[in-house]
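A structural walkthrough
Each chain is listed here by its residues.
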Amino acid sequence: MACIQEQTQHGVAYISNKNNECENRFCYQSHLTKYERTHTGQQPYQCPECQKGFNGKSNLVKHVRIHTGEKPYQCSECQKRFSVQGSLIQHMIIHTGQHPHQCPECHKAFSQKFSLIRHVRIHTGEKPYQCSECLKRFSFCGSLTRHKRIHTGQKPYECSECQKSFRCYGSLTRHTRIHTCQKPYQCSECKKSFNQKDHLIRHESTHTGQKPYQCTNCWKSFCQKYELTRHERTHTGHKPYSCSECPKRFCDKGALTKHETIHTGFKPYQCSECQKQFCQRSKLIQHERIHTVL
């Protein structure tokens, strides 16, 4: 037997005999076997889709749902679905209205502890996740995962309408609205709707006039932080987005996306009058003026 059995007041406990320094005890031998793999690095369960390895079968089952899109856990309040039960449990706190986790710095409250932990990094500047390729650091694990796909070229999320692929699920969701014409974000002031949240935020600043993000080089102000970051590259000359087809580089992701259509021939914008298609929305708007001229 690859373990030691110890009799306790609660029953039998299983202890590893492979690592004398580890004092963890388990109620079931199967739990001990899975835990021991954290020491050995053994990953016997492999994803048939991407070959990623896991130390437990349950971890593999949860991972496979990324590829299949399966979301077996549904919220009884709003019908939102989740791929893992833990995500559903965390989500349901939203409906209770409870925010038990408070930031000691700005007193903002959160319904989930992990949300507070991520928020605190705004104040501390902590970036614990580092890319092994370019050494760039990130505050969140998910941000690092998405960033790594820039190096690998991996685009696991594919549009079922036009087969265009994306590095992250959020990009696919936003792209899909081109086909569905869905605009879920509505301005509370003028009721104008938008297909992306950042477009709504930018629009709302026309009502409030608020621009809290200011460039330290030229003092130009912006309503969103990402706009300031993009603008600052005009001063530094930094172009972090490179085309995978040619050597051309860009200072913002949107410019790269527009450029890539040259290589792919993808034309998602269609004129409702004559059905002519365009690779860029600005080209479609320019074309539509032909029909409006009297």
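Parameters at a glance
- Residues numbered from 1 in each chain as written.
- Predicted model: local features only at pLDDT ≥ 70, side-chain atom pairs only at ≥ 80, totals over all residues.
- Heavy atoms only, no water.
- Helix = DSSP H or I, 4+ residues; strand = E, 2+ residues; numbered from the N terminus.
- Buried < 20%, exposed > 50% of the residue type's maximum accessible area, 1.4 Å probe, protein only.
- Contact = heavy atoms within 4.5 Å.
- Areas by Shrake-Rupley, 256 points an atom, 1.4 Å probe, with all protein chains shown as cover.
- Disulfide = S-S within 2.5 Å.
- Patch = residues over 30% accessible without salt bridge, like charges linked within 9 Å, V, L, I, M, F, W, Y side chains within 5 Å.
- Salt bridge = Lys/Arg side-chain N within 4 Å of Asp/Glu carboxyl O.
- Lys, Arg positive; Asp, Glu negative; His and termini not counted.
- Charge placed at Lys NZ, Arg CZ, Asp CG, Glu CD.
- Expected span 1.5 Å × (residues − 1).
- Polar contact = N/O pair within 3.5 Å; in protein donor to acceptor, adjacent residues only side chain to side chain.
- Phe/Tyr/Trp six-rings, centres within 6.5 Å; stacked < 30°, edge-to-face > 60°.
- Lys NZ or Arg CZ within 6 Å of the ring centre and 35° of its normal.
- pLDDT = per-residue confidence, 0-100.

1. Description of the overall build of the protein chain
In terms of helices and strands, the protein chain carries ten helices and 21 strands. The proportion of buried residues among the 294 residues of the protein chain is 26%. The long-range share in the protein chain, meaning contacts at least 24 apart out of those at least 6 apart in sequence, stands at 6%. With the model as given, the accessible surface of the protein chain reaches about 20,800 Å², and the carbon-plus-sulfur share is 48%.

2. Topic: the side chain of Thr 261
With respect to the helices, strands and loops of the structure, Thr 261 is situated in helix 9 (residues 253-264). Setting aside residues no more than four positions away along its own chain, Thr 261 makes contact with Phe 266 and Cys 279.

3. Some points on the state of the cysteines
Per the stated rule, a full pass over the model turns up zero disulfides. Here Cys 50 stays unpaired: no disulfide links it, and the sulfur of Cys 47, its closest cysteine neighbor, is 3.7 Å away.

4. Digging into a positive patch on the surface
There is a patch of like positive charges on the surface, built from Arg 118, Arg 146, Lys 155, Arg 174 and Lys 253. For Arg 118, the position within the fold is in helix 4 (residues 113-124).

5. Quick notes on the pattern of salt bridges
Overall, the coordinates contain three salt bridges when judged by the stated rule. Between Arg 65 and Glu 70 there is a salt bridge, with the nearest N and O atoms lying 3.7 Å from each other. Look at Arg 65 and you get buried, because its relative accessible area is 13%. Under the relative-accessibility criterion, Glu 70 is labelled partly exposed at 42%.

6. Some remarks on helix 9
A rise of 1.5 Å per residue sets the reference length of helix 9, with its twelve residues, at 16 Å; its end C-alpha atoms lie 16 Å apart and thus fit the reference within 8%. Regarding helix 9, the residues found buried are Leu 256, His 259, Glu 260 and Thr 261. Elements that come into contact with the buried residues of helix 9 comprise strand 18 (241-242) and strand 19 (249-250). Regarding helix 9, its N-cap is Asp 252, as a side-chain oxygen of that residue lies 3.1 Å from the backbone nitrogen of Gly 254 further along. A positive phi of about 75° marks Gly 265, the residue just after helix 9.

7. As for the packing of aromatic side chains
Using the criterion set out here, one finds one aromatic pair in the structure. Here the aromatic rings of Tyr 157 and Tyr 169 are separated by 5.8 Å at their centres, their planes lie at 70°, and the arrangement is edge-to-face. Here the residue Tyr 157 occupies a position in strand 12 (residues 157-158), and Tyr 169 occupies one in helix 6 (residues 169-180), the gap between them amounting to twelve residues. A relative accessible area of 17% means that Tyr 157 is categorised as buried. The ring of Phe 140 has Arg 118 sitting right over it, with the charged end atom 5.1 Å from the ring centre.

8. A few points about the confidence of the model for the protein chain
Averaged over all residues, the pLDDT of the protein chain is 82; the fraction at 70 or higher stands at 85%. Taken as a whole, residues 9-14 scores under 50 in pLDDT and shows 22 contacts with residues more than four places along the chain or in a different chain. Note on residues 16-20: pLDDT is under 50 here. Beyond four places in sequence and across chains, it has ten contacts.

9. Description of the environment of Leu 116
Note on placement: Leu 116 falls in helix 4. When its relative accessible area of 14% is taken as the criterion, Leu 116 is described as buried. Taking C-alpha positions, Leu 116 is 9.8 Å from Pro 104, a pair spaced twelve residues apart along the chain. Apart from the residues within four sequence positions on either side, Leu 116 is in contact with His 101, Gln 102, Cys 103 and Phe 110.

10. What about the side chain of Arg 177?
Counting through the fold element by element, Arg 177 comes out in helix 6. Of the side chains bearing the opposite charge, Asp 198 lies closest to the buried Arg 177, which forms no salt bridge; the N-O distance is 7.7 Å. One polar contact links the side chain of Arg 177 to the main-chain carbonyl oxygen of Asn 195, over a distance of 2.5 Å. Among all residues touching Arg 177, those that are not within four sequence positions of it are Gln 182, Pro 184, Tyr 185, Asn 195 and Gln 196.

11. A look at unusual backbone geometry
Positive phi is not limited to glycine here, since Gln 79 has a value of about 65°. For Gln 79, a relative accessible area of 44% corresponds to the partly exposed category. We note that Gln 163 has phi near 65°; this positive angle belongs to a residue other than glycine. Summarising the element assignment, Gln 163 is placed in the loop between strand 12 and strand 13 (165-166). On the basis of relative accessible area, Gln 163 is assigned to the partly exposed category, the value being 45%.

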